Amino acid sequence: MTEMEKVYNPSELEKRIYADWEQGGYFAPSGAEKAFSLVIPPPNVTGALHMGHALDETLQDILVRWHRMLGDSTLWVPGTDHAGIATQNVVEKKLAAEGRSRHDYGREKFIEEVWSWKKRYGDRITGQLRLLGASCDWSRERFTMDDGCSRAVREVFVGLYQKGLIFKGLRIINWCPRCHTALSDVEVNYRDNAGKLWHLRYPLAGDSKRFLIVATTRPETLFGDTAVAVHPEDERYRDLIGQEALLPLTDKKIPIIADEYADREFGSGAVKITPAHDANDYEVGRRHALPSVTVLDASGIMNENAPMRYKGLTREKARDLVISDLEEAKLLHSIQDYQNKLSVCYRCDTVVEPRLSPQWFVDMPRLAAPAVEAVRSGKIKFYPERWSKVYFDWMENIREWCISRQIWWGHRIPVWYCECGEIICAKETPAVCPKCGSDRLRQDEDVLDTWFSSALWPFSTLGWPQKTADLKKYYPTSALVTGYDIITFWVSRMIALGLAFMKKPPFHKVVIHGLIRDEQGKKMSKSTGNAVDPVELIREYGADALRFTLASMASAGGQDLKLSAHKVLASRNFMNKLWNVARFALLKLADNRFAPEKSLADEWILSRYQQIINKTTDALQKFYFGEMAQGLYDFVWSEFCDWYIEMSKLGLHKETLLAVLNGILRLLHPLAPFITEELWGRLGNAGRIINASWPAADIRLINKSRETRMAIVIELVKAVRNIRSEMNIAPGKKADLIVLYSKDAVNEALTEAKTYIQQLAGVEKIDLAARLAAKPRNSSHAVLDGAEVFVPLDNLIDLQAEIARLEKEKQKYEDEISWLKKKLTNKNFIEKAPPEVIDKEREKEKNCAEKYRIVDEQLKALKIS
């Protein structure tokens, strides 16, 4: 046992302890038969640790450290994601700052540049995970584009292709005009937009004086219209079905068709059909064999299919000019304000363009059924269960997954084309065409969606397609811990592909947590300036404080978490409390004076300790991280420190102190690994706490009668302390105590615990009585369960002086409340003052009213006595 510093300094000890763990190989799984495994949701290699990562990895590490202490062969596989679009954007921005573009390099040299960037900066986030205390087995670290993961990607692509589950098709897809790539549905975000709805006049071809009124939010795409649709049962237009309309601003004729897609209640009931620029219109076009005319290029610029006047304009400028020209031609009927949602790129926030394009797709509807059944049957369970509804809603309405991306960084699609027309899908680059023997083969230019390789993560990281020992032992993984925001992006696809290729689900349990928000509940964002850097919090408060805060906020229902610095500070104070109690214990142990027998306090704390073991273990089994943290906080701070430690100053039982304190360190280790490891060693324990055993409750030590007796003592001490505070009794003055009990249990408890009461409540003399001839005069009293407590005040305070002081204080609050009420009912103030100033004044009024109430109660008590 070593002497401890007075001040807890997390920054020094956290670096030292983590290096000791990692160099000592403590994160590697042991040889135990029972396996527990997790794969880390791979953060983007471009990224820095953000609060979402910190929460996710903290909750995973809690489970990993707990199972390691249970003796399981525990494996946590770390790794990073190549993040195709994001990483390419970062490197392209770097090149742009140097006055160059990727096209100046060419594909191969640009990819070399990205690998070079990854080598220089790719370890940043894994280093930050180490700061957090993540106990991953770094010897097994993976990257979604390492050789093994790349082999797995090709294996899966070819396997799905051969079964007809991957195909290339012409579809309307989400296209980002800035990133120049297709996006899947889940890579599109939605933004509220105060837009316009333009009502246009489409003249009838046979009667230019008659018009169809067509409502649209995209007038610039009218040059791609190939029909106008009306509902087949709409009486207004039944005579027009089969006729033609003139396309405004052109001399082109387009058919008027009947289709149930047309909504009779929307606008005029007639709708323009632009198959190349709208997913619904595309389906209408297929049903009616309409041509598809693309009028916007890959950058969102009007192309050669638009009249010359508009060619080369951006979609926004083209829209303005089209509206101006329609108005001049008297073909603009009306404009109305219209609230809608804009589809924007998840990566760059550019408005997404529906675009007709040949792309590669996974036939997810065919893969979805087994994935849905795996959850319905209970093979996979969601915690909390309510999040399974999000999963079912997505999977039961799933569409084809667009997996091709028109960028350079990523897994290139393993398909080659020969001049003879042969298409070769292969795991390795073919030397020659199997049909004609030519070696002039061209590989598909596209790369795969980043989420394709991520979907294989639970088995690709364990060595698949090779039959490795890790794959045999640790697949399926035990659980997945993740936020609800990627149930559709990631969870659903891992389940579908895990079942397709491993014939087993990738994990048994899906533990869903909420998202981190700021103190007001707003989404954290760098652009709004409310993002909190976890690395800065770690530097200021320590990793343990941040981890404890995040865990304590994680609700059992998976709701979002509101983070504030004062919550982290409160956790830092808790770490200080733990440090100080260990320091106290070391001083007492060095003093070497101990009580020979267990006292009431010892028996009570041992009983309570067994129950906190059970409560903590139960919370972990249910993934109730918040309940676990709060339960330990209350036990350590209140029961152990505030009561047991204070009582032990009258006589310390060494075995009890060490048993409970060391047990607390083990229970807290998954939450606060650094400080518990440090204190474990300081207290003279052998080995490292990281692989110490998890505490097991000894039911023989659970003693409800001793707990009941201690509860009586604690209630009495709290009552006396409250009286002392309310009556403003000086801390140094000892009070006398008269207890009128109506239950024998109270008498017995207080008789046994007199010394505790004297020590903790500042009491000199205690009189216990079953009856009193008269209640003591000039005393303050409290009613307990089975007793009344009286504290005579004659020798403690000057009663009249105290009444005078309180009367003066009461008047002060009364005046202040009156002034604030006048201010808050002043019309001039309410109209001119900013809302935050008004709120501040209302809060002042509320605080004054509460202080007035307390003082008034104190006065009443004194006057009654």
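First, a word on scope: everything that follows refers to the structure included in this document. Quantities reported herein were computed from a predicted structural model and do not represent experimental measurements.

Criteria and cut-off values
Residues numbered from 1 in each chain as written. Predicted model: local features only at pLDDT ≥ 70, side-chain atom pairs only at ≥ 80, totals over all residues. Heavy atoms only, no water. Buried < 20%, exposed > 50% of the residue type's maximum accessible area, 1.4 Å probe, protein only. Helix = DSSP H or I, 4+ residues; strand = E, 2+ residues; numbered from the N terminus. Pairing = 2+ DSSP bridges. Axes fitted to C-alpha atoms, helices over the stretch in contact; angles between N-to-C directions. Arc of directions from axis to C-beta. Contact = heavy atoms within 4.5 Å. Polar contact = N/O pair within 3.5 Å; in protein donor to acceptor, adjacent residues only side chain to side chain. Core = buried A, V, L, I, M, F, W, Y, C linked by side-chain atoms within 4.5 Å. Parallel < 35°, antiparallel > 145°, perpendicular 65-115°, else oblique. Left-handed = near helix turned anticlockwise from the far one by under 90°. Nonpolar A, V, L, I, M, F, W, Y, C, P; charged D, E, K, R; others polar. Phe/Tyr/Trp six-rings, centres within 6.5 Å; stacked < 30°, edge-to-face > 60°. Lys NZ or Arg CZ within 6 Å of the ring centre and 35° of its normal. Disulfide = S-S within 2.5 Å.

Burial analysis of strand β23 (residues 507-513) places five of its seven residues in the buried class, the great majority of the element. Taken together, the six bridges between strand β22 (residues 477-483) and β23 define a ladder with parallel strand orientation. The residue bridging T482 from the neighbouring strand is I512, located in β23.

This part takes up the sheet that holds strand β13 (residues 332-345). Ordered in space as β8-β7-β13, the three strands form an open sheet in which the pairing is antiparallel. At either margin of the open sheet sits one strand with a lone partner, and together these are β8 (211-216) and β13. Averaged over all pairs of adjacent strands, the angle between strand axes in this sheet comes to 20°, irrespective of strand direction. Relative to β8, strand β7 (residues 188-203) is paired through six bridges, and the arrangement is antiparallel. The residue bridging Y202 from the neighbouring strand is L212, located in β8.

What follows covers helix α8 (residues 279-288). Among the residues making up α8, those that are buried are D281, Y282, V284 and G285. Looking down the long axis of α8, one finds its buried residues gathered within 160° of arc, a one-sided arrangement. Tucked into the core, α8 has its buried residues touching β5 (166-176), β11 (253-258), β12 (271-273) and β14 (353-362). Between a side-chain oxygen at the N-terminus of α8 and the backbone nitrogen of N280 the separation is 2.9 Å; the capping residue is D278. In the segment just after α8, A289 is the residue with positive phi, at about 55°.

In this structure, P10 sits in helix α1 (residues 10-23). The class of P10 is buried, set by a relative accessible area of 6%. Along the backbone, P10 and M575 are 565 residues apart, and their C-alpha atoms lie at a distance of 9.3 Å.

This brings us to the nonpolar core. Counting 137 residues, the largest nonpolar core has F640, L737 and I757 as the members making the most contacts within it. In terms of residue count, helix α20 (residues 625-648) provides more of this core than any other element does, 12 residues in total. Each residue touching F640, except ones within four places of it in the same chain, is listed here: V581, I605, F635, I645, L657, V660, L661 and I664. Counting 64 residues, the second largest nonpolar core, distinct from the first, contains W360, A455, Y474 and A500.

This part takes up the sheet that holds strand β28 (residues 779-784). What the four strands build is an open sheet, ordered β27-β26-β29-β28; its pairing is mixed. At either end of the open sheet lies a strand with only one pairing partner, and these are β27 (763-769) and β28. Neighbour-to-neighbour, the strand axes of this sheet turn through a mean angle of 20°, independent of strand direction. With six bridges connecting them, strand β26 (residues 735-741) and β27 associate as parallel partners. Residue pairing in the sheet places A735 in a bridge with V763 of β27. Sitting on the sheet, helix α24 (residues 744-752) is in contact with β26, β27 and β29 (787-792), with an inclination near 150° to β26. Of the strands in this sheet, β26 and β27 touch helix α25 (residues 754-761), which is tilted by about 135° from β27.

Next up on the list: the packing of helix α19 (residues 600-621) against helix α23 (residues 704-726). Their axes nearest at 9 Å, the elements α19 and α23 cross at an angle of 115°. Between α19 and α23, the crossing angle belongs to the class labelled roughly perpendicular. Where α19 crosses over α23, the handedness of that crossing is left-handed. Contact residues: L600, A601, E603, W604, S607, R608 and Q611 in α19; K704, R706, E707, R709, M710 and I714 in α23. In the contact of α19 with α23, the residues fall into five nonpolar, two polar and six charged.

Relative to the helices and strands, D146 resides in the loop between β4 (142-143) and α7 (147-162). With a relative accessible area of 18%, D146 lands in the buried category. Among the polar contacts listed, one links the side chain of D146 to the side chain of R142, at a separation of 2.8 Å.

Moving on: the packing of aromatic side chains. Under the definition given, this model contains 31 aromatic pairs. Relative to F392, the ring of Y391 lies with its centre 5.8 Å away and its plane at 65°, an arrangement referred to as edge-to-face. The exposure classification of Y391 matches that of F392, with both residues buried. Connected via pairs of aromatic rings, a cluster forms that spans F157, Y161, W360, W401 and F452. Stacked on the ring of F211, the Lys or Arg R201 has its end atom at 5.9 Å from the ring centre. For R493, the ring lying beneath its charged end belongs to W401, and the centroid distance is 3.9 Å.

Below, the discussion takes up the state of the cysteines. Per the counting criterion, the structure on display carries zero disulfides. The cysteine C176 is free of any disulfide, with C348 supplying the nearest cysteine sulfur at 3.5 Å.

Once that is clear, we can look at the pairing of strand β9 (residues 227-230). The side chains of a regular strand alternate between both faces of the sheet. Here β9 shows no split at all, with A227 and A229 on one side and V228 and V230 on the other all buried. Summarising the sheet, β9 and β12 pair through three bridges and their orientation is antiparallel. Its bridge partner being in β12, V228 is matched across the sheet by K272. In terms of strand pairing, β9 meets β11 through three bridges, oriented parallel. Paired with V230 across the strands is A258, a residue of β11.

Before going further, it helps to spend a moment on the packing of helix α16 (residues 534-541) against helix α18 (residues 565-591). Geometrically, a packed helix pair is captured by the angle between its two axes and the distance between the axes. It is at 11 Å that the axes of α16 and α18 come closest, and there the two elements cross at 35°. The crossing of α16 and α18 is right-handed. Residues L537, E540 and Y541 of α16 pack against A565, V568, L569 and R572 of α18. A per-class count over the contact of α16 with α18 returns five nonpolar, no polar and two charged.

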